[in-house]
Amino acid sequence: MTHSDWTIRSQIAQALGKVDAPSRAVVPPIHVATTYIRDPDNQYRTGNVYGRPDNETIREAEGMIAALEQARAAFVFGSGMSSAVAVFLALQPGDHIVAPRVMYWALRGWLMKDAASWGLETTFVDMTDLDAVEAAMRPGRTKLIWAETPANPLWSITDLEGVARIAGKHGARFAVDSTCATPLLTRPLEFGADIVMHAATKYLNGHSDVLAGALATNAVDDFWARIQRNRAAMGLILGPFEAFLLIRGMRTLALRVEAACRNAMELARRFANHPQVLEVLYPGLESHPGHAVAKRQMKGGFGGMLSIRVRAGEGAAIAAAARVKLWKRATSLGGVESLIEHRASIEGPDTPCPRDLLRLSAGIEDVEDLYTDLDRALPPA
């Protein structure tokens, strides 16, 4: 049996089944060289020229991500932000972007404050409203629709097929931040997206010890080539040791995502009926406005991220985050440890978050311990 006969889960568990030829090791080696020998006729037939654009460990990580997304090609970057910004910088001055109002706050901030200096204009819309997306399109000028689903931190759901139709109608590219869904739950390319992005720091690595980003595509075209040139010119490539850790993390992706989904679903159900909780935001709940679309797009679970709104208000939410013991009060998500954060305090005055909202990243701990810890921390209404 060759690895092409295996399921994606089996392929990723064995890092695509590759065995290191010289040592016969089952763990891929780390290639740290910054320069490479030319062939006698001065060519580089290995494809490796210099460490800034090329590295074998990087390519192994990219191969795993491409397999997960069922994509033709993938690139990894030094962070999720650098991978996302690389897409926008592949556009041309004067191009128009449609982006969601609810999205990763640092990227939203870059689009609001810095994209204009590159000649880019952005319109922010409710990406759950296809009519609003259509109305925001500028014929001949809109070159990219950027979506994020589930969208951090309200976990709203974008209809990927619907937005893909709008993008195709107007000749725009469609890129999706699928960090929180992971390729195990949603593959945006299958729903018509052109590019899928991951903050690989989160679920793909899964151990809170690597900064990394990734892009995957089925269209290896001039736009993709511009992204590659930008990565090389700006030194955005991931380091080889970090790529090795990313590979190691992805090998347990299926186990971690399954555990996080189970925990998040159970916590959402319990806190939906909790007297100190005003509202639970989780697409796995039938009460969630995007549940029907999520059920169609997300296979095998609804993700490990949820948010709760504390009935007693902002002060009570902050106090609850200060009282937990098992939950860790920290930024980020997607690791094996469960994290809690008062997002409005982090995102500032332009946040779309209600002030009473706590964002929860469910890890792989015992769900009874997670529930009991937060239940005890919540103050009376």
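Before reading further, recall that the structure is shown in the block above.
Source: prediction; values computed, not measured.

## Brief notes about the packing of aromatic side chains
With the rule as written, the count across this model stands at five aromatic pairs. Note on F241 and F244: the rings are 6.5 Å apart at their centroids and 20 degrees apart in plane angle, and the pair reads as stacked. Of the two residues, F241 and F244 are both situated in helix α9 (residues 240–250); the distance of three residues between them amounts to about one turn of the helix. Its relative accessible area of 45% is what places F241 among the partly exposed residues. These aromatic residues form a ring-pair network of at least three members: F88, W110 and W146. It is K202 that lies over the ring of Y104; its NZ or CZ is 5.9 Å from the centre.

## Some words on the sheet that holds strand β4 (residues 142–148)
With respect to topology, seven strands assemble into an open sheet ordered β1-β7-β6-β5-β4-β2-β3, the strand pairing being mixed. Each end of this open sheet is capped by a strand with a single partner; those strands are β1 (73–77) and β3 (121–125). Between one strand axis and the next, the sheet turns through 20 degrees on average, direction left out of account. Bridge analysis of β1 against strand β7 (residues 213–217) gives five bridges, and the strand direction is antiparallel. Residue pairing across strands places V76 opposite A214, the latter belonging to β7. Of the strands in this sheet, β1, β6 (195–198) and β7 touch helix α2 (residues 56–69), which is tilted by about 125 degrees from β1.

## Considerations on the sheet that holds strand β12 (residues 357–361)
Pairing is mixed across the open sheet formed by five strands, whose spatial order is β8-β9-β12-β11-β10. Each edge of the sheet is formed by a strand with only one pairing partner; in this case those strands are β8 (277–281) and β10 (328–329). Strand direction decides the pairing type here: β8 and strand β9 (residues 305–310), joined by four bridges, are antiparallel. Along β9, the bridge assignment pairs E279 with R309. Along the sheet, helix α10 (residues 253–271) makes contact with β8 and β9, crossing β9 at roughly 20 degrees. The sheet contacts of helix α12 (residues 314–323) involve β9, β10, β11 (339–341) and β12, and relative to β12 the element is tilted by about 30 degrees.

## A few points about the pairing of β1
Counting buried positions over the five residues of β1 gives five, a clear majority of the element. Neither face of β1 is left uncovered, since the one carrying A73, F75 and F77 and the one carrying A74 and V76 both have all their residues buried.

## A word on a nonpolar patch on the surface
A contiguous nonpolar surface patch, about 270 Å² in accessible area, is contributed by I30, V32 and F241. Relative to the assigned elements, V32 resides in the loop between α1 (8–13) and α2. V32 gets classed as exposed once you look at its relative accessible area, which sits at 59%.

## Focus: the nonpolar core
Counting residues in each nonpolar core, the largest one holds 96 residues, and the members touching the most others are I145, F174 and L246. With nine residues, α10 is the largest single contributor of residues to this core. Those residues in contact with L246 that lie beyond four places of it in its chain are A61, I65, V76, A200, L204, N205, V210, A212 and L238. Counting 30 residues, the second-largest nonpolar core is a separate cluster that includes A90, L91, L107 and L120.

## Here's the deal with the pairing of strand β5 (residues 173–177)
If a strand is regular, its side chains alternate between the two faces of the sheet. With four of its five residues buried, β5 lies for the most part within the structure. Summarising the sheet, β4 and β5 pair through five bridges and their orientation is parallel. Pairing of I145 across the sheet is with F174, part of β5. Between the parallel pair β4 and β5, the chain is carried across by helix α6 (residues 160–169), and the sense of this crossover is right-handed. Note: β5 against β6, three bridges, orientation parallel. From the neighbouring strand, V176 faces β6, where its bridge partner is V196.

About the thresholds
- Residues numbered from 1 in each chain as written.
- Predicted model: local features only at pLDDT ≥ 70, side-chain atom pairs only at ≥ 80, totals over all residues.
- Heavy atoms only, no water.
- Phe/Tyr/Trp six-rings, centres within 6.5 Å; stacked < 30°, edge-to-face > 60°.
- Helix = DSSP H or I, 4+ residues; strand = E, 2+ residues; numbered from the N terminus.
- Buried < 20%, exposed > 50% of the residue type's maximum accessible area, 1.4 Å probe, protein only.
- Lys NZ or Arg CZ within 6 Å of the ring centre and 35° of its normal.
- Pairing = 2+ DSSP bridges.
- Axes fitted to C-alpha atoms, helices over the stretch in contact; angles between N-to-C directions.
- Contact = heavy atoms within 4.5 Å.
- Patch = residues over 30% accessible without salt bridge, like charges linked within 9 Å, V, L, I, M, F, W, Y side chains within 5 Å.
- Areas by Shrake-Rupley, 256 points an atom, 1.4 Å probe, with all protein chains shown as cover.
- Salt bridge = Lys/Arg side-chain N within 4 Å of Asp/Glu carboxyl O.
- Core = buried A, V, L, I, M, F, W, Y, C linked by side-chain atoms within 4.5 Å.
- Right-handed = clockwise from strand over helix to strand, strands pointing away.

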